[in-house]
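Okay, here's what each chain looks like letter by letter:
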Amino acid sequence: MDRAVDAANLGVAAAGDLSVWGMFMNASFMVKLVMLGLVLCSVMVWAIIFDKIVTLRRINKQASAFEDRFWSGGSLDDLYESDGAKPVHPLAAVFGAAMGEWRRSARIPGVDLVRGGVKERVDRAIGITVTREMDRLRRWVIFLATVAPVAPFVGLFGTVWGIMHSFASIAAMHNTNLSVVAPGISEALFATAIGLLTAVPAYVAYNVISNSLDLFQDRLEGFGTEFAAILSRQSEERA
């Protein structure tokens with residue numbers, strides 16, 4: 001009788017502390033590990049989101065400024081020396097790779113700029129540079145794609161483990177009073193809530209960031225195609 005009363009009192013005391021910190025501290029060791037892992041993933045997700053948003057805004061702004069200079073009618077050689085030789089953003093890197101390859105080919109004695117394979121080398125340089133720059137920009141995006149589907153199941157594992165632990169405690173105390181059952185169940189469900197709070201931003205961010213990166217890749221490839229056509233025309237004029 002005394003043990004049943006004590007168990008009920010403990011359950012009422014525990015039920016009174018359903019704050020976030022209280023549920024974490026009262027959770028079992030395994031559930032705490034799950035919660036900490038999900039919180040760490042959530043921090044990394046938001047860090048990646050912030051980094052990619054800032055990066056995408058910066059490179060699009062730099063690309064727009066570069067295109068304004070490119071289409072202003074100035075000297076391509078001057079633009080290469082100022083931006084292409086040591087590029088600081090992807091569009092300048094594409095321009096620098098193409099212009100650098102064309103200039104190196106033009107310095108070859110007796111080279112035929114039209115039929116000497118120059119166009120193929122320029123196209124290859126553009127393609128390789130676009131791929132390299134996009135690989136760099138997509139770094140860590142795969143983490144979002146991994147966390148989005150996995151986090152809810154990790155949280156669910158913590159919930160199942162917590163509920164099993166709660167039932168074992170209930171059986172040991174021989175008390176099915178709601179005040180005894182509720183705290184353990186709440187702590188277990190809290191793991192699922194953290195999993196969802198981690199997964200939803202990761203899923204949304206992955207789709208938004210991936211779409212933005214695809215659009216920027218199209219922009220790089222479009223600029224590369226136009227610039228390759230300009231270089232091809234200049235090669236024909238020199239021939």
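Residues numbered from 1 in each chain as written. Predicted model: local features only at pLDDT ≥ 70, side-chain atom pairs only at ≥ 80, totals over all residues. Heavy atoms only, no water.

J.: Go over the pattern of salt bridges, please, and point to the residues and values.
T.: A full pass over the atoms with the stated rule returns nine salt bridges. Between Arg-103 and Glu-81 there is a salt bridge, and its shortest N-O distance comes to 3.3 Å. With Arg-103 in helix 5 (residues 90–106) and Glu-81 in helix 4 (residues 76–84), this pair connects stretches of sequence that are 22 residues apart. In this structure, a network of salt bridges that share partners links the residues Asp-77, Glu-81 and Arg-103. (Salt bridge = Lys/Arg side-chain N within 4 Å of Asp/Glu carboxyl O. Helix = DSSP H or I, 4+ residues; strand = E, 2+ residues; numbered from the N terminus.)

J.: Which residues make up the UniProt feature "transmembrane region" (unreviewed entry) in the chain, and what values do they have?
T.: UniProt records the feature "transmembrane region" (unreviewed entry) at residues 29–50, 140–168 and 188–209, using the numbering of this structure. Structurally, residues 140–168 is divided into 97% helix and 0% strand, and its ends, taken at the C-alpha atoms, are 41 Å apart. Along residues 188–209, the helical share is 100% and the strand share 0%, with 32 Å between the first and last C-alpha atoms. (UniProt positions renumbered as here; feature names shortened; annotations may be inferred.)

J.: Break down the packing of helix 3 (residues 29–70) against helix 5 for me, citing the residues and quoting the values.
T.: Two elements in contact, helix 3 and helix 5, have axes whose closest approach is 8 Å; the angle formed by their N-to-C orientations is 45°. Here helix 3 is positioned oblique relative to helix 5, judged by the angle of their axes. Contacts between helix 3 and helix 5 involve Ile-59, Ala-63, Phe-66, Glu-67 and Phe-70 from the first element and Pro-90, Leu-91, Ala-92 and Phe-95 from the second. Residue composition of the contact of helix 3 with helix 5, grouped by class: eight nonpolar, no polar and one charged. (Axes fitted to C-alpha atoms, helices over the stretch in contact; angles between N-to-C directions. Parallel < 35°, antiparallel > 145°, perpendicular 65-115°, else oblique. Contact = heavy atoms within 4.5 Å. Nonpolar A, V, L, I, M, F, W, Y, C, P; charged D, E, K, R; others polar.)

J.: Now, about helix 4: what can you tell me, with residues and values included?
T.: Regarding helix 4, the residues found buried are Leu-76, Leu-79, Tyr-80, Asp-83 and Gly-84. All buried residues of helix 4 lie within an arc of 105° about the axis, which places them on one face of the element. Facing away from the buried side of helix 4, by more than 90 degrees, are the exposed residues Asp-78, Glu-81 and Ser-82. A distance of 3.3 Å separates the backbone nitrogen of Asp-77 from a side-chain oxygen at the start of helix 4, and that oxygen is part of Ser-75. (Buried < 20%, exposed > 50% of the residue type's maximum accessible area, 1.4 Å probe, protein only. Arc of directions from axis to C-beta. Polar contact = N/O pair within 3.5 Å; in protein donor to acceptor, adjacent residues only side chain to side chain.)

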